[in-house]
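# Close look at the chain arrangement
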Amino acid sequence: MAANQNLLGYRPGGTVLYQLSGASKLLFFILVSISAMVTYDTRILLLIAALSLLIVQLSGIRFREVRFVLRFIGVFALLNLVTVYLFSPEYGVALYGTRHVLWEGWGRFNLTAEQVFYLFNLGVKYFCTVPLAIVFMMTTHPSQLAASLNQLGVSYKVAYAVSLSLRYIPDLQEEFFMIRKSQEARGLELSRKAKLSQRIKGNLQIVLPLIFSSLNRIDTISTAMELRRFGKNKVRTWYISQVWSGLDKLVLALGLLIVVLTLALIVYNGGRFYNPFV
């Protein structure tokens, strides 16, 4: 049961986000993600991050349901920020054109306010996109998303591929937990009692059987679809289909507004970066 609580996939619910079309949520996620990736303006990034956290609250998703994923992403984000600093500790200085030293290190490893500000913006980007991705995956039924994409003009083959990908993510996670439990039953310690290096090495050993199992499953699904003559016709009907509502249009308008605001700030700043040091 504990493992199932950590699976990242669709879960039925009754909040307002479940009433939205899968296509409108996908378009909103794409528009906001592009805005967050393009700009380094702290003001719009903080606005998007606050909006993302608000959407998480509206979705009804609890922290314990996604804590495994959040911890994994958090470690990855931290490693990314540390790596950026180690490879280019003065990159912020080159970007913003000033240099305010906060801590004198050794050699070229000094900590400047400009570098901290740049790394802060990088960190905020994770809060802009990760919550939205989690909400999208956990509140969107894969079949309903495929039907919505097909309504937008996307080929039903592509839409069905997206649907299968979303369905496969929780299965992949569940299989990972099952393999890990099997390894632990054979005496391989992968819990918190083991050393970090031992846990990393043990989890890496799970990847190989997981890859082979995934390839076998893909081959089985492909064969089943071919036997059912999938792709023979140019169009198809959908068991789950949802007509766009006024709320869907409002969500899309909000995503477009964020894009327009991002572009306006880029023009106003004369570039993608907001510089508070001038």
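Note that the coordinates shown come from a computational prediction; the quantities given were computed from them, not determined experimentally. (Residues numbered from 1 in each chain as written. Predicted model: local features only at pLDDT ≥ 70, side-chain atom pairs only at ≥ 80, totals over all residues. Heavy atoms only, no water.)

Moving on to the overall build of the chain. If you tally the helices and strands in the chain, you get 9 helices and 2 strands. N-terminal to C-terminal, the α/β element order of the chain is α-α-α-α-β-β-α-α-α-α-α. Its C-alpha atoms put the chain at 65 × 55 × 35 Å along the principal axes. When burial is assessed residue by residue, the chain has 37% of its 278 residues classed as buried. Within the chain, contacts between residues at least 6 apart in sequence are counted, and of these 75% link residues at least 24 apart. On the chain, roughly 16500 Å² of surface is accessible, and the fraction owed to carbon and sulfur atoms is 67%. Averaging the locations of the 28 positively and 13 negatively charged side chains of the chain gives two centres separated by 5 Å. (Helix = DSSP H or I, 4+ residues; strand = E, 2+ residues; numbered from the N terminus. Buried < 20%, exposed > 50% of the residue type's maximum accessible area, 1.4 Å probe, protein only. Contact = heavy atoms within 4.5 Å. Areas by Shrake-Rupley, 256 points an atom, 1.4 Å probe, with all protein chains shown as cover. Lys, Arg positive; Asp, Glu negative; His and termini not counted. Charge placed at Lys NZ, Arg CZ, Asp CG, Glu CD.)

Two quantities define a packed helix pair, namely the angle between the helix axes and the distance between the axes. Helix α5 (residues 113-139) packs onto helix α3 (residues 63-87) with a crossing angle of 155 degrees between their chain directions and a minimal axis gap of 11 Å. As far as their axial angle goes, α5 and α3 are roughly antiparallel. Considering the relative orientation of α3 and α5, their crossing is right-handed. On the side of α3, the interface is formed by Glu65, Val66, Leu70, Ile73, Phe76, Ala77, Asn80, Leu81, Val84 and Tyr85, while α5 contributes Gln115, Tyr118, Leu119, Leu122, Gly123, Tyr126, Val130, Ile134 and Met138. A breakdown of the residues in the contact of α3 with α5 according to their chemical character gives 15 nonpolar, 3 polar and 1 charged. (Axes fitted to C-alpha atoms, helices over the stretch in contact; angles between N-to-C directions. Parallel < 35°, antiparallel > 145°, perpendicular 65-115°, else oblique. Left-handed = near helix turned anticlockwise from the far one by under 90°. Nonpolar A, V, L, I, M, F, W, Y, C, P; charged D, E, K, R; others polar.)

Moving on to the pattern of salt bridges. Side chains that carry opposite charge are capable of pairing whenever their charged atoms lie near each other. Evaluation of the coordinates by the stated rule reveals 2 salt bridges. Of the charged contacts, one joins Arg43 and Asp41 as a salt bridge, the two residues approaching to 2.8 Å between their closest N and O atoms. On the accessibility criterion, Arg43 (38% relative accessible area) is partly exposed. Overall, the relative accessible area of 0% leaves Asp41 in the buried class. (Salt bridge = Lys/Arg side-chain N within 4 Å of Asp/Glu carboxyl O.)

For the chain, the average pLDDT comes to 82, and 95% of its residues sit at 70 or higher. Taken element by element, the chain is modelled with least confidence in helix α8 (residues 196-227), mean pLDDT 75, and with most confidence in helix α9 (residues 246-269), mean pLDDT 93. Predicted confidence for residues 1-5 stays below pLDDT 50, and this span has 6 contacts to residues more than four positions away or in other chains. (pLDDT = per-residue confidence, 0-100.)

The end-to-end C-alpha separation of α3 is 33 Å, in line with the 36 Å expected for 25 residues at 1.5 Å each. All buried positions along α3 are accounted for by Val66, Val69, Ala77, Leu81, Val84 and Tyr85. Where α3 is buried, its residues contact β2 (109-112), α5 and α7 (156-185). (Expected span 1.5 Å × (residues − 1).)

Moving on to the side chain of Ser52. Mapped onto the fold, Ser52 is located in helix α2 (residues 42-59). Ser52 sits in the buried class, given a relative accessible area of 1%. If we skip the residues at most four places from it in the chain, Ser52 touches Phe127, Cys128, Pro131 and Leu132.

In this section: a positive patch on the surface. On the surface, a cluster of positive charge is made up of Arg62, Arg64, Arg67 and Arg71. Locating Arg67 in the fold gives a position in helix α3. Overall, the relative accessible area of 32% leaves Arg67 in the partly exposed class. (Patch = residues over 30% accessible without salt bridge, like charges linked within 9 Å, V, L, I, M, F, W, Y side chains within 5 Å.)

The sites that carry the UniProt feature "transmembrane region" (unreviewed entry) are, in the present numbering, residues 26-56, 68-87, 116-138 and 250-268. Annotated as residues 68-87, this span is 100% helix and 0% strand, and its ends, taken at the C-alpha atoms, are 29 Å apart. This span, residues 250-268, is 100% helix and 0% strand, and a straight line between its end C-alpha atoms measures 26 Å. (UniProt positions renumbered as here; feature names shortened; annotations may be inferred.)

All right, on to a nonpolar patch on the surface then. A contiguous nonpolar surface patch, about 760 Å² in accessible area, is contributed by Ile200, Leu204, Val207, Leu208, Ile211, Phe212, Leu215 and Ile218. Positionally, Leu204 belongs in helix α8.

Residue placement: Thr42 occurs in helix α2. One polar contact links Thr42 to Asn121, side chain to side chain, over a distance of 2.8 Å. The residues touching Thr42, leaving out its near neighbours within four places in the chain, are Phe117, Phe120, Asn121 and Tyr274. (Polar contact = N/O pair within 3.5 Å; in protein donor to acceptor, adjacent residues only side chain to side chain.)

Here we come to the packing of aromatic side chains. The full count for this structure, using the stated rule, is 9 aromatic pairs. Aromatic pair Tyr96 and Phe117: ring centres 5.6 Å apart, planes at 65 degrees, arrangement edge-to-face. You can see Tyr96 sitting in helix α4 (residues 91-96) and its partner Phe117 sitting in helix α5, a full 21 residues away along the chain. What makes Tyr96 buried here is its relative accessible area of 4%. Taken together, the ring pairs in this structure connect Tyr40, Tyr91, Tyr96, Phe117, Tyr118, Phe273 and Phe277 into an aromatic cluster. The ring of Tyr274 carries the charged tip of Arg43 above its face, separated from the ring centre by 4.1 Å. The residue whose ring lies beneath Lys125 is Tyr40, and the NZ or CZ to ring-centre distance is 4.1 Å. (Phe/Tyr/Trp six-rings, centres within 6.5 Å; stacked < 30°, edge-to-face > 60°. Lys NZ or Arg CZ within 6 Å of the ring centre and 35° of its normal.)

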